[in-house]
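# Structural features, examined
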Amino acid sequence: MTVYFALFAAPGMASVAFTGSTPVAKIINRTLAAKDGPIVRLITETGGIKGAARELVCGDPAELATDIGPVIDAQARDGIQSHIQRLNRE
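Residues numbered from 1 in each chain as written. Predicted model: local features only at pLDDT ≥ 70, side-chain atom pairs only at ≥ 80, totals over all residues. Heavy atoms only, no water.

## Brief notes about the overall build of the protein chain
Our working definition: Helix and strand definitions follow DSSP, with helices as H or I runs of at least four residues and strands as E runs of at least two, each counted in order from the N terminus. A 1.4 Å probe rolled over the protein chains alone gives each residue an accessible area, and that area as a share of the maximum for its type sets the label: buried under 20%, exposed over 50%, partly exposed in between. The contact rule is simple, with two residues in contact once any of their heavy atoms fall within 4.5 Å.
Each helix and strand counted, the protein chain has four helices and two strands in total. For the protein chain, the N- to C-terminal ordering of α and β elements is α-β-α-β-α-α. Buried residues in the protein chain amount to 13% of all 90 residues. Look at the contacts in the protein chain between residues 6 or more apart in sequence, and 39% of them connect residues 24 or more apart.

Here's what the structure looks like:
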């Protein structure tokens, strides 16, 4: 991870987009803030993907409002359901 932080501190960096944990985003933010020169734009996504997923619409892919269409077969559906159940337990 230290190699990446060195990259953020490198001169010429204009912006950083990061998806991951809040603690790592804070480290990146502090690293960028400590740089001399122009302010580097930082865009982070640290957990809102779960909320955004709740907004997705499942349905007929022919409908414009549909974000997620059907899976290929019952086995694929069962695999997805299994992952959901495991994630809910954990």
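## So, the pairing of strand β2 (residues 41–45)
Filter applied, for reference: Only strands that DSSP links by at least two bridges are regarded as paired with each other. Handedness is read with the strands pointing away from the viewer; a crossover is right-handed when the path from the first strand over the helix to the second is clockwise.
Note that strand β1 (residues 15–19) and β2 share five bridges and pair parallel. Bridged to Ala-17 within β2 is Ile-43. Of the crossover connections in this fold, the one passing from β1 over helix α2 (residues 22–33) to the parallel β2 is right-handed.

## Observations concerning helix α4 (residues 74–89)
Heads up, the rule is: To estimate the expected span of a helix, count its residues, drop one, and scale the result by 1.5 Å. As used in this structure description, the phrase polar contact means that two N or O atoms lie within 3.5 Å; if the pair is within protein, one of them must be able to donate a hydrogen and the other to accept it, and residues adjacent in sequence are counted only when both atoms belong to side chains.
If you check α4, its first and last C-alpha atoms are 22 Å apart, about what 16 residues at 1.5 Å a residue would give, namely 22 Å. N-cap assignment for α4: the residue whose side-chain oxygen lies 3.2 Å from the backbone N of Gln-75 is Asp-73.

## Section: the environment of Ile-28
Looking at where Ile-28 falls in the secondary structure, it is placed in helix α2. For the pair Ile-28 and Val-16, spaced twelve residues apart in sequence, the C-alpha separation works out to 8.8 Å.

## So, the nonpolar core
Under the convention used in this document: Among the buried residues, those of types Ala, Val, Leu, Ile, Met, Phe, Trp, Tyr and Cys that are joined through side-chain atoms within 4.5 Å form a nonpolar core.
Among the nonpolar cores identified, the biggest contains nine residues, and these are Phe-5, Phe-8, Val-16, Phe-18, Val-24, Ala-25, Ile-28, Leu-32 and Val-40. Only α1 (2–9), β1 and α2 provide two or more residues apiece to this core. Top element by residues in this core is α2. It accounts for four residues. Dropping the residues within four chain positions of it, Ile-28 is found in contact with Phe-5, Phe-8, Val-16, Phe-18 and Leu-42.

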